[in-house]
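# Structure at a glance
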Amino acid sequence: MKNFIQFFLLLFISYSSFSQQSASLNFLLPRNENKFALYGVGSLNSEGLESLNASGKFSGLFSLHKKEKHKISLAFSVNKNATNSDSTLPSTILFPEVGTTAFLGTLHSMHQLPGKEGSNNVGFFFQAAFKSIQGKRPIVNADRDTTLEFTNMDWSAGITFLKEVYKKEEDMCYFSASTFISLVNIPNEDEADFNYIIGNTIPLPNFWNLGFKLSIQVNKVQVYSDFRHTFLNEKQVSNRYLRGFNYNIGFIFDADIFTR
C-alpha cells in the first residue's frame, strides 16, 4: 500500500504541472459487469480555481451492449455552476466541463486489447453537449451593461486508450488518454448575440477544434487535463482567447449513489 501511495503522489505531482466527459473510468472497462450507475459528482477546474467557483454534477452510466472483450456504454451528466458569465467566456465556450451544462452525453465503444488481465483497452466515442451562456457588454453612451444569452452546442468524436494501472482489493488506479475533433455550433438565431458578447464583427456561428485529454483516476478521485487548439485566426474572431491553444485542468470527486 505504501508503494501505491508513493506511485500515486508521483503521478499526481507530474500530472498537475501540466474536458469528452469525465465519466468513471472503471465502468467503461469491458470486463466491468455493472449495467447501470448513478453518481453525485463534485468538480473543480482551472477556471474555478481562479474564481473560487466549483460545480456540482449529477452523472449516470448505462451499459448498452456487452461481450467478453467489448462494451458499449452511455454516459450522461448535468451540472450546476455559479455562473456561465463572460468572466470565463472563452473557456465556457470551448470546454463542456466548465460552467453550467444543460446536458452532456457520451457514447463509448471500448474494446479490450490482448494482454495481462485485460488491463489495456482502446475505443471510440461520440459526445454531445448543450449549454446556455450569458455575457455582459457595455451599452454605448450609457452607464450600464446589457446581458445577452446564446446557446452553445459541442459535438465531439475521437478515440480513447484506457489502462488499468493498479487494482488490489479496494484500491484502484486508471489512466486514460483521448484525442478528438470537436465542432462548436452556435444556432443561427443566437449568432448576433454571440458575436456581440465576444466583440466580433465578422459572423462566426461555428468552428472546429482539435483536442487531447489525459485522465488519472484513483479510487473515487479523478484528475484530468483537456487541451484544445481552435482553427481560428485574427481575421475570423477578434477575441484572442478563442484562437489557438487553450487548456483546462480539473478534479472530479465521485460519490456512488446507485450501482448495479
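These numbers come from a predicted model, not from an experiment.

### Let's talk about the overall build of the protein
- For the protein, the count of helices and strands is five helices and ten strands.
- By element, 61% of the accessible surface of the protein is carried by carbon and sulfur atoms, the whole surface being about 12,700 Å².

### What to know about the environment of Ser-132
- Tracing the sequence through the fold places Ser-132 in strand 5 (residues 120-138).
- Relative accessible area serves as the criterion here: at 37%, Ser-132 is assigned to the partly exposed category.

### Thoughts on the packing of aromatic side chains
- Applying the stated rule across the entire model yields eight aromatic pairs.
- Taken together, a centroid distance of 5.7 Å and an interplanar angle of 25° make the contact between Phe-62 and Phe-76 stacked. Of this pair, Phe-62 sits in strand 2 (residues 55-67) while Phe-76 sits in strand 3 (residues 70-81), placing them 14 residues apart in sequence.
- Between Phe-125 and Phe-180 the ring centres are 6.1 Å apart and the planes differ by 65°, which places this aromatic pair in the edge-to-face class. Separated by 55 residues along the polypeptide, Phe-125 in strand 5 and Phe-180 in strand 7 (residues 171-185) bring together distant segments of the chain.
- Since its relative accessible area comes to 2%, Phe-180 is described here as buried.
- It is Lys-71 that lies over the ring of Phe-27; its NZ or CZ is 4.2 Å from the centre.
- Positioned over the ring face of Tyr-224 is Lys-213, at 4.6 Å from the centre of the ring.

### Section: the nonpolar core
- If you look at the biggest cluster of nonpolar residues, it comprises 18 residues, and the most contacted ones within it are Leu-89, Ile-93, Phe-150, Phe-194, Ile-198, Phe-207 and Leu-242.
- Breaking this core down by element, the ones donating at least two residues are helix 4 (89-94), strand 6 (145-168) and helix 5 (191-197).
- With three residues, helix 4 is the largest single contributor of residues to this core.
- Apart from residues no more than four positions distant in its own chain, Phe-150 is found in contact with Leu-89, Ile-93, Lys-131, Ser-132, Ile-133, Ile-186, Asp-190, Phe-194 and Ile-197.
- Judged by nonpolar contacts, the second largest core, of twelve residues, contains Phe-27, Leu-29, Ala-37 and Tyr-174.

### Looking at the side chain of Gln-127
- Considering the arrangement of structural elements, one finds Gln-127 in strand 5.
- The class for Gln-127 is buried, based on a relative accessible area of 0%.
- For Gln-127, the side chain forms a polar contact with the side chain of Thr-106, separated by 2.9 Å.

### So, the side chain of Asp-154
- Position of Asp-154 relative to the elements: it lies in strand 6.
- Asp-154 sits in the buried class, given a relative accessible area of 1%.
- A polar atom in the side chain of Asp-154 sits 3.0 Å from the side chain of Ser-182.
- When near neighbours in sequence (up to four residues on either side) are disregarded, Asp-154 contacts Leu-94, Pro-96, Gln-127, Ala-128, Ala-129, Ser-182, Leu-183, Val-184 and Arg-228.

### Notes on the environment of Ile-186
- In this structure, Ile-186 sits in the loop between strand 7 and helix 5.
- We classify Ile-186 as buried; its relative accessible area is 1%.
- Separated by 33 residues in sequence, Ile-186 and Met-153 place their C-alpha atoms 6.4 Å apart.

### A word on the pattern of salt bridges
- Tallied over the entire structure, the rule returns four salt bridges.
- A salt bridge links Glu-33 to Lys-66; the nearest nitrogen and oxygen atoms lie 3.7 Å apart. Taken together, the residues span a long stretch of sequence, with Glu-33 in the loop between helix 2 (25-28) and strand 1 (36-45) and Lys-66 in strand 2 at a distance of 33 residues.
- Overall, Lys-66 belongs to the partly exposed group, its relative accessible area being 30%.

### Focus: the pairing of strand 6
- Across 15 bridges, the pairing between strand 6 and strand 7 is antiparallel. The residue of strand 7 that forms the bridge with Lys-167 is Met-172.
- The loop that links strand 6 with its antiparallel partner strand 7 comprises two residues; one of these, Glu-169, has a positive phi angle of about 55°.

### Looking at a nonpolar patch on the surface
- Residues Phe-58, Val-78, Phe-103, Ile-257 and Phe-258 make up a contiguous nonpolar surface patch of about 410 Å² in total accessible area.
- Relative to the assigned elements, Ile-257 resides in strand 10 (residues 244-259).

### A closer look at the confidence of the model for the protein
- With 77% of its residues at a pLDDT of 70 or more, the protein shows a mean pLDDT of 78.
- The weakest mean pLDDT in the protein belongs to helix 1 (residues 2-16) at 37; the strongest belongs to strand 7 at 94.
- The low-confidence segment residues 1-20 (pLDDT under 50) makes 41 contacts with residues lying over four places distant or belonging to another chain.
- Within the model, pLDDT remains below 50 along residues 48-54, and this stretch shows nine contacts once partners closer than five positions in the same chain are excluded.

Conventions used here
- Residues numbered from 1 in each chain as written.
- Predicted model: local features only at pLDDT ≥ 70, side-chain atom pairs only at ≥ 80, totals over all residues.
- Heavy atoms only, no water.
- Helix = DSSP H or I, 4+ residues; strand = E, 2+ residues; numbered from the N terminus.
- Areas by Shrake-Rupley, 256 points an atom, 1.4 Å probe, with all protein chains shown as cover.
- Buried < 20%, exposed > 50% of the residue type's maximum accessible area, 1.4 Å probe, protein only.
- Phe/Tyr/Trp six-rings, centres within 6.5 Å; stacked < 30°, edge-to-face > 60°.
- Lys NZ or Arg CZ within 6 Å of the ring centre and 35° of its normal.
- Core = buried A, V, L, I, M, F, W, Y, C linked by side-chain atoms within 4.5 Å.
- Contact = heavy atoms within 4.5 Å.
- Polar contact = N/O pair within 3.5 Å; in protein donor to acceptor, adjacent residues only side chain to side chain.
- Salt bridge = Lys/Arg side-chain N within 4 Å of Asp/Glu carboxyl O.
- Pairing = 2+ DSSP bridges.
- Patch = residues over 30% accessible without salt bridge, like charges linked within 9 Å, V, L, I, M, F, W, Y side chains within 5 Å.
- pLDDT = per-residue confidence, 0-100.

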